[in-house]
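As a plain string of letters, each chain reads:
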Amino acid sequence: MKISNFIAPVVLIGLAVNPFTETVEFHQEFVFMLSHYALFIGGFLLAYKILKLPSYAILGGAFLAVFWHVPYFFALAGAFPVFRALNDATLIIGGILAGGSLHALNNGIRLSLLIAWMGADSVLAIILLAGWPPYSNLVYPFSPFSEPQEFLTGLSMFFIMFVIFLVAIANFLRTTFKMM
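Residues numbered from 1 in each chain as written. Predicted model: local features only at pLDDT ≥ 70, side-chain atom pairs only at ≥ 80, totals over all residues. Heavy atoms only, no water.

## Looking at the packing of helix α1 (residues 4-16) against helix α3 (residues 29-48)
Reasoning step 1: Put simply, α1 and α3 touch, their axes get as near as 8 Å, and they point 155 degrees apart. When the axes of α1 and α3 are compared, the pair comes out roughly antiparallel. Two packed elements cross with a definite hand, and for α1 against α3 that hand is left-handed. Contact residues: Asn5, Phe6, Ala8, Pro9, Leu12, Ile13 and Ala16 in α1; Ser35, Ala38, Leu39, Ile41, Gly42, Gly43, Leu45 and Leu46 in α3.
Reasoning step 2: Partitioned by chemical class, the residues of the contact of α1 with α3 number eleven nonpolar, four polar and no charged. (Axes fitted to C-alpha atoms, helices over the stretch in contact; angles between N-to-C directions. Helix = DSSP H or I, 4+ residues; strand = E, 2+ residues; numbered from the N terminus. Parallel < 35°, antiparallel > 145°, perpendicular 65-115°, else oblique. Left-handed = near helix turned anticlockwise from the far one by under 90°. Contact = heavy atoms within 4.5 Å. Nonpolar A, V, L, I, M, F, W, Y, C, P; charged D, E, K, R; others polar.)

## Considerations on the nonpolar core
Reasoning step 1: Met33, Tyr37, Leu39, Phe74, Leu124 and Met157 are the most contacted members of the largest nonpolar core, which totals 22 residues.
Reasoning step 2: Elements with a contribution of two residues or more to this core: α1, α3, α5 (71-79), α6 (81-101), α7 (107-129) and α8 (149-179).
Reasoning step 3: With five residues, the single largest contributor to this core is α3.
Reasoning step 4: With residues near it in sequence (within four places) discarded, phenylalanine 74 still touches Glu29, Phe32, Met33, His36, Trp68, Tyr135 and Phe145.
Reasoning step 5: Residues Ala65, Ala98, Leu102 and Leu105 belong to the second largest nonpolar core, which totals six residues. (Core = buried A, V, L, I, M, F, W, Y, C linked by side-chain atoms within 4.5 Å. Buried < 20%, exposed > 50% of the residue type's maximum accessible area, 1.4 Å probe, protein only.)

## Here's the deal with the confidence of the model for the protein
Reasoning step 1: Overall, the prediction assigns the protein a mean pLDDT of 93, with 99% of residues at 70 or greater.
Reasoning step 2: Model confidence for the protein, summarised as mean pLDDT per element, is weakest for α8 at 89 and strongest for α6 at 97. (pLDDT = per-residue confidence, 0-100.)

## Topic: the packing of α7 against α8
Reasoning step 1: Following both chains from N to C, one finds α7 and α8 inclined at 160 degrees, their axes separated by 8 Å at the closest point. Here α8 runs roughly antiparallel to α7, going by the angle between their axes. For the element pair α7 and α8, the recorded crossing hand is left-handed. Facing α7, whose interface residues are Leu114, Trp117, Met118, Asp121, Ser122, Leu124, Ala125, Ile126, Leu128 and Leu129, α8 presents Glu150, Phe151, Thr153, Gly154, Leu155, Met157, Phe158, Met161, Ile164, Phe165 and Ala168.
Reasoning step 2: Of the residues belonging to the contact of α7 with α8, the class tally is 16 nonpolar, three polar and two charged.

Written out as structure tokens, the structure is:
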């Protein structure tokens, strides 16, 4: 275990869990969605090189990520501090479960999971860009997010998915050229 393995996860989690971000998340949907990525990826990176979990742990990680993206639960976490704390903690745990189990999965399953994740997030981003208000206070009156915020949230999701795609391609190329 090297200290350098902890820098990126701690930075990502710290960006999402701090008084300033937590305050902004109650008003800005795209910041709340970006914090989901930061928490899950932070947990993932925290566990990836440190833990060796069984392959089925990926199911728990996937479940927690999907759970907090269901519109009702997303709106609850966006509106109420107790649900926000549960959201934050379980997204980190979900990332840990996913990152710790990745070593036990073959490359085909890893690629399939990446494609499923990117596909699901792309569909959700398209829904948000199209103006269907699944996360807004038009559907859930307790949601702190208005319908016009969903466009920016969809754009931010596409940006993050593009960055993740670039990182995945770069890692693939790096691994491929190391084997030559």
